[in-house]
Amino acid sequence: MAYLLTARRTCLRLRSHEFVSGLHSSASAQGPKLRPRLAKSLKPAFNRGRLEVARFDRDEAPHHGRQGEQEQEVSEARMQRQRRATLAEEGRKGKWSSESLEPAIAQKAPEPIERPVYKRKDLDYEATAEDEEFYNPPTLVTTGGSTEISASLKGAPTRFNTPPLLPGFVSALRETLGQDVRPTPIQSLSMKWLFDKEPAFEWNQFLLASETGSGKSIAYLLPVLQHLKETEGSKPPPTPSSRPLNPRAIILAPTHELARQLSGFAKSLLHSEKLRVVCASQANTKSQTTRDATASQMAAQFDSLMGGGQGEFAVHKNAHPVDVLVGTPMKIMEMIRGRGWDRREMTEEDATLDPKTLRRGRDKMVGVGKWRSKPELGLENVQWVVVDEADVLLDPDFQEVTRTLLADISAARGHQVPVDPLPTSPTEKLPENQDVEYPFHLVLTSATIPSTLARYLDAYHPRLIRLASPRLHHLPKTLQTEYASWTGGNKNADIEKRIRRVWAEDALAVASAVTPVTSLSKILIFCNKSSKVEDLSTFLAEKGIKNVALTSASEERKRGSNKHLFGFLRPLRNSQLQKPAPLSNVTPTNPGVISDPSKDPHVMITTSLLSRGLDFDPSINHVLIVDEPRNMIDFLHRAGRSGRAGQTGRVVIFGKSKGRGSDKAREVKQRVRALV
Ligand SMILES: Nc1ncnc2c1ncn2[C@@H]1O[C@H](COP(=O)(O)OP(=O)(O)OP(=O)(O)O)[C@@H](O)[C@H]1O
């Protein structure tokens, strides 16, 4: 009750401070029609090919989320009517001033969710040089750059059925995602293209490109797991000389957090169809007793750089073979070649380097000194490699490690692949006819395909089968965008006000009893710098808002588990693998009580570190972007932590509405509108 009163007071105050400058929903934004960033790179291929464009009617459209959209629209309209009636009634009784009613009704009511109607993409575009940020596939499926471009979701499965899926996977999907689960567009495409087709199943390369929260993990996990299951009997028995683990599939992810979540999710699909999944980023603590003193010191130094440390994964000599290994490329390289594989002689210059100035990725990998432990991981059995968040893992910072890893797997399977350095400048021409053939299936996935990656794929993977969803490079339809303007005073205080306003709206919803809100919204805040994360975290904590601040250097990240994200990540529905921390004052018998953000953290503050791939809980229905996004790719990933899998969410972008610096904010606004 006390909280409710505070919430009401906050609502009244909000009326007078005008820092929200406009509300733009995905459904209503009529901003200038900017072309999405387009690459010219596909044009020649496109001109040579035949084209079918996919278009499917509402009834044909694969399910785009958990909740039936029709049902949702009806319930939202009803909710809005009830809310108006309740608030008006309260207003008549003198509880509210008419002034405070207006924003409460207008701002709380969510926009009706548009049905996904997939339309033909524009084909005759002109891309300018500065527009070349995103690659834009002209249609849903393109097979390489050669003779044929065939397309469409026509004929693609619109249900998870047996076949093509094994019954155990169908039941696991229903258990995890609900009985009526239907494939999203990218999953339909993957079921059509990635499942074994008789007679020949050569080594293929695929790109799965679709917007954030559209189910890419299932799109690649199902074909990989099913193929492993079907070929289980033909697995060669481990020989005494072979190295341990010997996975049949490797999934690469850019962060330990994502690797852990993906392996947990893969396990949740394997309740009936059993396979062994191991996460290289999970603690399994084997002490490194065989090291000498110098080696231990170096390893400790290495750990502090790499975010390893206590409880880190180590391979036991007699470890059983596994089916799927999930991890970051750096961690897996270390398991393949041995810890410290990338070390080199110390130079004078090294001694002067400040570790803080090292770039992420390979720079941080490169240590100095000669220490190196024995290689540990066998690779002869690898038949699938998935590169999740491929645009990060193949970007200039990471691509050398990723490509070296792919080359090592190839070499272990008897096929040498050169790893030539790529040009450092994005404008430099890539060598032609570099068709890289790997002796395994390669699946690349991403929600964003920058033009540089598209060019690399054209040059090195011309046979790549590209599967793209109709909403690639757009925000999820269920995500609303809103622009907030700084007041000109303390920015941290503006952010605090915005947070309190979200909770005031929640409290209102509880008061008017139109939504079954049992806890306050959780809020994810993205800053550009770690120092800003820490500063904001301290400020909010002082104001009684308990929060979790995570940067690449955070101690919590070194524990080999995702405990530091509990309560924020989406828990797995059918397993006990992840359990969010209970909210202190919400109980099953007292569901109307809202949670207390001064006791349980409802706010997480981070940098782009956690913007990639992580599946956050739907209770995170607000993302605040408090620093100007570095680019639209970064923005799409940050914003896409909410509004996932058809759930509603809102992204609030802060900027200056007047004076110096407001031009930038206007430009961001325009570019964001082009993504709606
Ligand atoms: N067919 C489906 N119906 C309903 N929910 C689904 C479906 N497929 C996946 N999901 C759920 O959608 C959420 C997002 O899926 P996932 O993390 O695979 O998205 P993504 O496309 O990989 O997103 P990102 O680009 O951010 O990594 C998950 O919670 C997943 O369980």
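Because the structure is a prediction, the values reported are computed rather than measured.

Asker: Would you mind going over helix H5 (residues 167-177) with me for this structure?
Answerer: For an α-helix, 3.6 residues make a turn, and residues three or four places apart therefore share a direction. Residues Gly168, Phe169, Val170, Ala172, Leu173 and Thr176 constitute the buried set of H5. Contact partners of the buried residues in H5: helix H7 (216-230) and helix H8 (256-268).

Asker: Which parts of the structure should I look at to understand the side chain of Arg612?
Answerer: Within the secondary structure layout, Arg612 lies in the loop between strand S13 (603-606) and strand S14 (620-625). Exposure remark for Arg612: the relative accessible area of 11% places this residue in the buried category. A polar side-chain atom of Arg612 sits 2.8 Å from a polar atom in the side chain of Asp391. Engagement of the side chain of Arg612 in a polar contact is seen with the side chain of His637, the distance being 3.1 Å.

Asker: Looking at this structure, I do not really get the packing of helix H6 (residues 185-193) against H7. What am I missing?
Answerer: The description of two helices packed together rests on the angle between their axes and the distance between the axes. Put simply, H6 and H7 touch, their axes get as near as 8 Å, and they point 15° apart. One finds that H6 runs roughly parallel with respect to H7. Considering how the two elements wind past one another, H6 and H7 form a crossing that is right-handed. Contacts from Ile186, Gln187 and Ser190 in H6 reach Lys216, Ile218, Ala219 and Pro223 in H7. Within the contact of H6 with H7, the residues separate by chemical class into four nonpolar, two polar and one charged.

Asker: Looking at this structure, I do not really get the pattern of salt bridges. What am I missing?
Answerer: Between side chains of opposite charge, a pair can form as their charged atoms come close. Summed over the entire model, instances satisfying the criterion amount to 19 salt bridges. The residue Arg463 makes a salt bridge to Asp435 at a minimum N-O spacing of 3.2 Å. Of this pair, Arg463 sits in the loop between helix H15 (451-460) and strand S9 (465-468) while Asp435 sits in the loop between helix H14 (399-412) and strand S8 (441-446), placing them 28 residues apart in sequence. In this structure Arg463 comes out as partly exposed when scored by relative accessible area, which is 37%. The exposure class of Asp435 is partly exposed, given its relative accessible area of 32%.

Asker: What is the right way to look at the pairing of S14 in this model?
Answerer: Remember that side chains alternate between the two faces of the sheet whenever the strand is regular. Most of S14 is tucked away: five of the six residues are buried. Pairing geometry for S14 and strand S15 (residues 649-655), over four bridges, is parallel. The partner of Ile625 across the bridge, within S15, is Ile653. The handedness of the S14 to S15 crossover, carried by helix H18 (residues 632-639), is right-handed.

Asker: Looking at this structure, I do not really get the domain arrangement of the chain. What am I missing?
Answerer: The extent of an interface is frequently quoted as the accessible surface area lost upon association of the parts. Domain annotation for the chain reports domain 1 (1-33), domain 2 (75-105), domain 3 (167-238 + 245-342 + 373-468) and domain 4 (477-673). Of the roughly 2300 Å² buried between domain 3 and domain 4, counting both surfaces, carbon and sulfur atoms make up 51%. Taken together, domain 3 and domain 4 are joined by two salt bridges. Between Arg612 and Asp391 there is a salt bridge, with its nearest N and O atoms 2.8 Å apart. Summed over the shared surface of domain 3 and domain 4, the result is ten residue pairs in polar contact (both at pLDDT 80 or more). Secondary-structure elements contributing two or more residues to the side of domain 3 that touches domain 4 are H5, H8 and helix H13 (390-393). Ranked by the residues each element gives to the side of domain 3 that touches domain 4, the list is headed by H8, at nine residues. Taken together, the residues that form the side of domain 3 that touches domain 4 break down as nine nonpolar, 17 polar and six charged.

Asker: Just to check I follow, could you spell out H8 for this structure?
Answerer: Helix length check: H8 (13 residues) gives 18 Å between terminal C-alpha atoms against 18 Å at 1.5 Å per residue, within 8%. Counting buried positions along H8 yields twelve of 13 residues, so the element is predominantly enclosed. Every buried residue of H8 is listed here: His256, Glu257, Leu258, Ala259, Arg260, Gln261, Leu262, Ser263, Gly264, Phe265, Ala266 and Ser268.

Asker: Mind showing me how you'd approach the site of the ligand here?
Answerer: Close contacts around the ligand come from 25 residues, with Gln187, Lys216, Ser217, Arg570 and Asp615 the closest. One of the backbone N or O atoms of Arg182 is found 2.8 Å from a nitrogen atom in the ligand. Between the ligand and Arg644 there is a distance of 2.8 Å, counted from an oxygen atom to a side-chain nitrogen or oxygen. Considering the ligand on its own, with 640 Å² of exposed area, one finds that the protein chains cover 96% of that surface. At three residues, H7 tops the list of elements feeding residues into the shell around the ligand. Grouping the constituent residues of the shell around the ligand by class yields eight nonpolar, eight polar and nine charged. Counting residues domain by domain, the shell around the ligand receives three or more from each of domain 3 (167-238 + 245-342 + 373-468) and domain 4 (477-673).

What counts as what
- Residues numbered from 1 in each chain as written.
- Predicted model: local features only at pLDDT ≥ 70, side-chain atom pairs only at ≥ 80, totals over all residues.
- Heavy atoms only, no water.
- Buried < 20%, exposed > 50% of the residue type's maximum accessible area, 1.4 Å probe, protein only.
- Helix = DSSP H or I, 4+ residues; strand = E, 2+ residues; numbered from the N terminus.
- Contact = heavy atoms within 4.5 Å.
- Polar contact = N/O pair within 3.5 Å; in protein donor to acceptor, adjacent residues only side chain to side chain.
- Axes fitted to C-alpha atoms, helices over the stretch in contact; angles between N-to-C directions.
- Parallel < 35°, antiparallel > 145°, perpendicular 65-115°, else oblique.
- Left-handed = near helix turned anticlockwise from the far one by under 90°.
- Nonpolar A, V, L, I, M, F, W, Y, C, P; charged D, E, K, R; others polar.
- Salt bridge = Lys/Arg side-chain N within 4 Å of Asp/Glu carboxyl O.
- Pairing = 2+ DSSP bridges.
- Right-handed = clockwise from strand over helix to strand, strands pointing away.
- Domains from an automatic or database assignment.
- Buried area = accessible area lost by both parts, 1.4 Å probe.
- Expected span 1.5 Å × (residues − 1).
- Near = heavy atom within 4 Å.
- Areas by Shrake-Rupley, 256 points an atom, 1.4 Å probe, with all protein chains shown as cover.

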